[in-house]
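# Geometric and topological summary
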Amino acid sequence: MNTDDLIRALAMEGEVSKAHRPTGWRVATAAALSLTVVIALVVPVLGVRADLADAVATPAGVAKFVLALALAAAACTALPRAVEPGRRARLDAVGILVGLALVAGALSVIAAPEAALAGSPIACVVSIVGLSILPFSALIAALRDGAPTRPEATGAVAGLASGGIAAFGFGLSCPMDLGPSVALWYPLAITTAGALGMLVSRRALGW
Amino acid sequence: MWMRAARGGDALAYERLLAAIVVVVRPIARRRLSRIGLGASEAEDVVQEVLLAIHAKRHTWDEGRPILPWVGAVVRYKVVDAVRRLARERRRHVDTPVEDWANLLPECGTDPDRAAVDAERALAVLSGREAGVVRAVALEGESAGEAARRLGISEGAVRVALHRGLRRLAALAGVPVDARQEVRR
């Protein structure tokens, strides 16, 4: 088709003007809904840890939830901008949190290798990564209306957000407080979710 | 500016905006494609892809912000994407020995890949339901009833969407409206 004809045809279409449609609310809804579903899935399937009420009364017990939620919130806040061409997503907060988490993981291996390997790390990583598929799909669905000009970065951030949401949900059942083991395996699982998000980003977010 | 006027329903302003974008994008596309050994006709395809992307994603521009960075980012993304894809396709073509595809040539009167690409590109201007119905009925040959069941809408809605979609595509392609009868099975 001739380009001039295409322009004319699109202009005819464009008469029905499209107002600006930011993805902020969609992302927030997707995150909140998928967090609810993840929790609703964890409670009956994996079971809530018996001493949850006592645990969240201690700083170490509540810290893993706060950190997981903080990462999810920081990542979700950055996402709407990432899908508006010409705007740069602010990733400082996400970067700092992920960096801190990875440093904490490395330190816990060095400082207390035995404690870091305690518990059932494989179940932890598999559960968090598996649970993250749900929020990831919801977030991608919310983001597809936008136009990410850096799909890899956007996919990675969406993956990290999903990892944070999944880690929060899994944390309800995991009997460990924030310590060497949690500091190693939670960040590992969350960054795996981020890497998977980046891996599928071209396919999931390309336009 | 023009985009703002277009949001108010001014088609002429929107047309002028798209024409201005073409003036800027065309030389960029030609330069980028000549670097990988492709000509003006491929460049024009890329220009059209950019226009369709601008059109399809125009709701991502915020009136409160300057439009040039928005246009620039969409153009960059689309051009880089197209150049990467075309370079890959080209490499594949060059890697194939002549004998391998020489005997394929007689069948290539209408390149099926190309037709599919054109059809998909044309469908991009239709709304979600219309595009889905046209794809199901006109391209994949489903009956209206099958398409209705699969898309979860009534058969009447399928017919209406198909009719609207085809009429719009026909208008786009500059074909007289009656020609759509041929497409309908």
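Below, the structure is looked at part by part. Bear in mind the structure is a predicted one, so any value in this text is a computation, not a measurement.

This next bit is on the overall build of chain B. The helix and strand tally for chain B stands at 10 helices and zero strands. The buried share among the 185 residues of chain B stands at 40%. Relative to all contacts within chain B whose residues are 6 or more apart in sequence, the contacts with residues 24 or more apart total 52%. Roughly 10400 Å² of accessible area belongs to chain B as shown, and the carbon and sulfur atoms make up 55% of that amount.

Our next topic: the side chain of His-55 of chain B. Residues and elements named next belong to chain B. As for its placement among the helices and strands, His-55 is situated in helix H3 (residues 40-56). Assessed through its relative accessible area of 4%, His-55 is described here as buried. There is a polar contact of 2.7 Å between the side chain of His-55 and the side chain of Tyr-14.

To continue, consider the interface of chain B and chain A. Opposite the 38 residues of chain B that make contact, chain A presents 33 residues. Overall, the association of chain B and chain A removes approximately 3200 Å² of surface from exposure, summing both partners, and the carbon and sulfur fraction of that is 60%. Inspection of the chain B/chain A interface yields two salt bridges. Between Glu-15 of chain B and Arg-8 of chain A there is a salt bridge, with its nearest N and O atoms 3.9 Å apart. Where chain B packs against chain A, one counts 11 residue pairs in polar contact (both at pLDDT 80 or more). Among the elements of the structure, helix H1 (2-7), helix H2 (11-35), H3, helix H4 (67-95) and helix H9 (155-173) of chain B are those that each provide at least two residues to the side of chain B that touches chain A. A per-class count over the side of chain B that touches chain A returns 19 nonpolar, six polar and 13 charged.

Parameters at a glance
Residues numbered from 1 in each chain as written. Chains lettered and ligands numbered in written order. Predicted model: local features only at pLDDT ≥ 70, side-chain atom pairs only at ≥ 80, totals over all residues. Heavy atoms only, no water. Helix = DSSP H or I, 4+ residues; strand = E, 2+ residues; numbered from the N terminus. Buried < 20%, exposed > 50% of the residue type's maximum accessible area, 1.4 Å probe, protein only. Contact = heavy atoms within 4.5 Å. Areas by Shrake-Rupley, 256 points an atom, 1.4 Å probe, with all protein chains shown as cover. Polar contact = N/O pair within 3.5 Å; in protein donor to acceptor, adjacent residues only side chain to side chain. Buried area = accessible area lost by both parts, 1.4 Å probe. Salt bridge = Lys/Arg side-chain N within 4 Å of Asp/Glu carboxyl O. Nonpolar A, V, L, I, M, F, W, Y, C, P; charged D, E, K, R; others polar.

Structural measurements only, silent on function.
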